[in-house]
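Each chain is listed here by its residues.
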Amino acid sequence: MDDLLLLKALAFAAEKHRGHRRKDAEATPYINHLVTVALLVAEACRKVDREVVAAALLHDTLEDTDTSPDELEVVFGPRVRGLVEEVTDDKSLPKDRRKRLQVTHAPLLSREASMVKIADKISNVRDILERPPARWPESRRQAYLAWAAEVVARCPKTGTDLEKLFFETLKNRSFP
Ligand code: ZN
């Protein structure tokens, strides 16, 4: 396998998400989220599967940038493309419907896609607890946490500590 796969995925994600920011008051660069998700996946594996870590770096490219599935396949191969597609919402649907579909589709994910999905939710929950979106009232933050827990509870077991880490992160919430 390509030794440079992970650096290529990191460079690709950084370029595609250039100019994107998280929603916190400091407008943290979006790439921080992608690196966090990739590290969570890599640390959770006993033996690192580079294609899964690459998919973690790329997990928001189809949803939030002009990247096409074919482009991912040409650069990173069919497995990475498939994993990113598994964790991508259908943006043509209204937001509420997409959120419900994440819950109903969660059990259908492959084990590897489940790892990326849960790591994504860990990163998002951490951000909501530690550097919440500036414009989200507490009710919206709470609703996000409840929804994320519902998705993760329905994801296939990953055989790693990711699920445990997710629910521990949620338990350590700093507001009631
Ligand atoms: Zn994400």
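See the structure printed just above.
Everything quoted here is computed from the prediction, not taken from an experiment.

## Concerning the packing of aromatic side chains
Now for step 1: The full count for this structure, using the stated rule, is 4 aromatic pairs.
Now for step 2: Ring plane angle 85 degrees and centroid distance 5.2 Å describe the contact between Phe 12 and Phe 76, whose orientation is recorded as edge-to-face. Of the two residues, Phe 12 is situated in helix α1 (residues 5-16) and Phe 76 in helix α5 (residues 69-76); the sequence distance between them amounts to 64 residues. By the burial criterion, Phe 12 is buried, and Phe 76 matches it.
Now for step 3: Seen from their ring centres, Trp 136 and Tyr 144 are 6.0 Å apart, and the 45 degrees between their planes marks the pair as tilted.
Now for step 4: Lying across the ring of Trp 147, Lys 99 places its NZ or CZ 4.2 Å from the centre.

## Quick look at the environment of Arg 79
Now for step 1: For Arg 79, the location among the structural elements is in helix α6 (residues 78-86).
Now for step 2: Given a relative accessible area of 32%, Arg 79 falls into the partly exposed group.
Now for step 3: Along the primary structure Arg 79 and Ala 55 are separated by 24 residues, whereas in three dimensions their C-alpha atoms are 8.8 Å apart.
Now for step 4: Residue contacts for Arg 79: discarding those within four places in its chain leaves Asp 49, Glu 51, Val 52 and Glu 112.

## With respect to the packing of α1 against α5
Packed helix pairs are characterised by how far apart their axes lie and by the angle those axes make with each other.
Now for step 1: In the contact formed by α1 and α5, the axes pass within 11 Å of each other and the chain directions differ by 150 degrees. With respect to their mutual orientation, α1 and α5 come out roughly antiparallel. As for the relative orientation of α1 and α5, their crossing is right-handed in sense. Every residue of α5 that contacts α1 at Leu 5, Lys 8, Ala 9, Phe 12 and Lys 16 is listed here: Glu 71, Leu 72, Val 75 and Phe 76.
Now for step 2: Broken down by class, the residue content of the contact of α1 with α5 amounts to 6 nonpolar, no polar and 3 charged.

## Focus on the pattern of salt bridges
Now for step 1: Summed over all chains, the structure comprises 15 salt bridges.
Now for step 2: With its nearest N and O atoms 3.6 Å apart, the salt bridge here joins Arg 50 to Asp 3. Of this pair, Arg 50 sits in helix α3 (residues 50-57) while Asp 3 sits in the segment before α1, and the two are 47 residues apart along the sequence.
Now for step 3: The exposed category is assigned to Asp 3, whose relative accessible area is 64%.
Now for step 4: Lys 91 is the salt-bridge partner of Asp 64, the closest N and O atoms lying 3.4 Å from each other.

Quick notes on the rules
- Residues numbered from 1 in each chain as written.
- Predicted model: local features only at pLDDT ≥ 70, side-chain atom pairs only at ≥ 80, totals over all residues.
- Heavy atoms only, no water.
- Phe/Tyr/Trp six-rings, centres within 6.5 Å; stacked < 30°, edge-to-face > 60°.
- Helix = DSSP H or I, 4+ residues; strand = E, 2+ residues; numbered from the N terminus.
- Buried < 20%, exposed > 50% of the residue type's maximum accessible area, 1.4 Å probe, protein only.
- Lys NZ or Arg CZ within 6 Å of the ring centre and 35° of its normal.
- Contact = heavy atoms within 4.5 Å.
- Axes fitted to C-alpha atoms, helices over the stretch in contact; angles between N-to-C directions.
- Parallel < 35°, antiparallel > 145°, perpendicular 65-115°, else oblique.
- Left-handed = near helix turned anticlockwise from the far one by under 90°.
- Nonpolar A, V, L, I, M, F, W, Y, C, P; charged D, E, K, R; others polar.
- Salt bridge = Lys/Arg side-chain N within 4 Å of Asp/Glu carboxyl O.

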